[in-house]
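# Observations on the model geometry
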Amino acid sequence: MNDAPSPLAGKPTSASRTTLSNIMTAADTNLLGTVHGGVIMKLVDDAAGAVAGRHSGGPAVTASMDEMVFLEPVRVGDLVHVRAQCNWTGRSSMEIGVRVLAERWNESTPATHVGSAYLVFAGVDEAGRPRPVPPVLPETDRDERRYQEAQIRRAHRLARRRAILELREKRAADGIED
C-alpha cells in the first residue's frame, strides 16, 4: 500500500476524537460472568470506525487490529467508555488509538483503564478502493507522542508483513506447501 503523504488539508486530532459509552448487561457476559472480550472489541471497532469516518470525511473500513490488551475484567452494570482518536495517517490509512474505561453505573468512583487497542482503517471510495485521507495534525505533546509511537508500530507492521512474505516465497521455492 502506498502511504505517501496526502495532498489534502490536515485536520487536528480533536476534530474526530470521540467517546462512546455503554452500560454492560447480562446479555454481554461470557461463561465466567464477566463481559465477553468480543463485546468490548466490537465497541472498540465501533468507536474507531466513527473516528476514522469523521477524520477521513467519508467511508472507512477496518484493515487490522494491531493489538487488543485487556487489563481488567468488565462486569455487568459497568458503564464502559470507549475513547478513540486518530494517531497517525498515511495516504489512505489511519491508525486509531482506543482506550477503554469502566466505572460502576451507580457509584461516583473514578473510571478504571480496562483495555487499549490500535486499529488501522483505510479510507475507501464508492467502489471500495482506497482513497486519500487528510493528514492528522497533533495538537498537544501527548498527541505528538502518539503520532511518533504510531509510526513505530507502522514500521513494525510493514517489517512483519515483509518477513512473512519472504518466508512464504522461500517455502514455495523449496516446494513446501502451506
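Procedures and definitions
- Residues numbered from 1 in each chain as written.
- Predicted model: local features only at pLDDT ≥ 70, side-chain atom pairs only at ≥ 80, totals over all residues.
- Heavy atoms only, no water.
- Helix = DSSP H or I, 4+ residues; strand = E, 2+ residues; numbered from the N terminus.
- Areas by Shrake-Rupley, 256 points an atom, 1.4 Å probe, with all protein chains shown as cover.
- Pairing = 2+ DSSP bridges.
- Axes fitted to C-alpha atoms, helices over the stretch in contact; angles between N-to-C directions.
- Contact = heavy atoms within 4.5 Å.
- Core = buried A, V, L, I, M, F, W, Y, C linked by side-chain atoms within 4.5 Å.
- Buried < 20%, exposed > 50% of the residue type's maximum accessible area, 1.4 Å probe, protein only.
- Salt bridge = Lys/Arg side-chain N within 4 Å of Asp/Glu carboxyl O.

### Thoughts on the overall build of the chain
- Helices and strands together make up the secondary structure of the chain, namely 2 helices and 7 strands.
- Traced from its N-terminal end to its C-terminal end, the chain shows the element sequence β-β-α-β-β-β-β-β-α.
- For the chain, the exposed surface amounts to about 10200 Å²; the carbon and sulfur share of it is 54%.

### What about the sheet that holds strand 4 (residues 78-89)?
- Across the sheet, 5 strands lie side by side as 2-4-5-6-3; this open sheet has antiparallel pairing. Only two strands of the sheet have a single neighbouring strand rather than two, namely strand 2 (18-23) and strand 3 (60-70). Sheet twist, expressed as the mean angle between neighbouring strand axes with direction ignored, is 20 degrees.
- In terms of strand pairing, strand 5 (residues 93-104) meets strand 6 (residues 112-123) through 10 bridges, oriented antiparallel. Counted as the bridge partner of Ser-93 is Ala-122 from strand 6.
- Helix 1 (residues 37-56) contacts strand 2, strand 3, strand 4, strand 5 and strand 6 of the sheet and is inclined by roughly 135 degrees relative to strand 3.
- Sheet contacts for helix 2 (residues 141-173): strand 3, strand 4, strand 5 and strand 6; angle to strand 4, the most-contacted strand, approximately 75 degrees.

### Comments concerning the nonpolar core
- If you look at the biggest cluster of nonpolar residues, it comprises 26 residues, and the most contacted ones within it are Val-44, Ile-96 and Val-98.
- For this core, the secondary-structure elements that each account for two or more residues are helix 1, strand 4, strand 5 and strand 6.
- With 7 residues, helix 1 is the largest single contributor of residues to this core.
- Beyond its immediate chain neighbours, meaning those up to four positions away, Val-44 contacts Met-65, Met-68, Val-82, Val-98, Val-100, Ala-117 and Leu-119.

### Thoughts on the pattern of salt bridges
- Tallying each qualifying case throughout the model produces 10 salt bridges.
- Arg-153 is the salt-bridge partner of Glu-95, the closest N and O atoms lying 2.8 Å from each other. Here the residue Glu-95 occupies a position in strand 5, and Arg-153 occupies one in helix 2, the gap between them amounting to 58 residues. Side by side, Glu-95 and Arg-153 carry an identical accessibility label, which is buried.
- Sharing partners across several salt bridges, the network here consists of Asp-66, Glu-95, Arg-153 and Arg-157.

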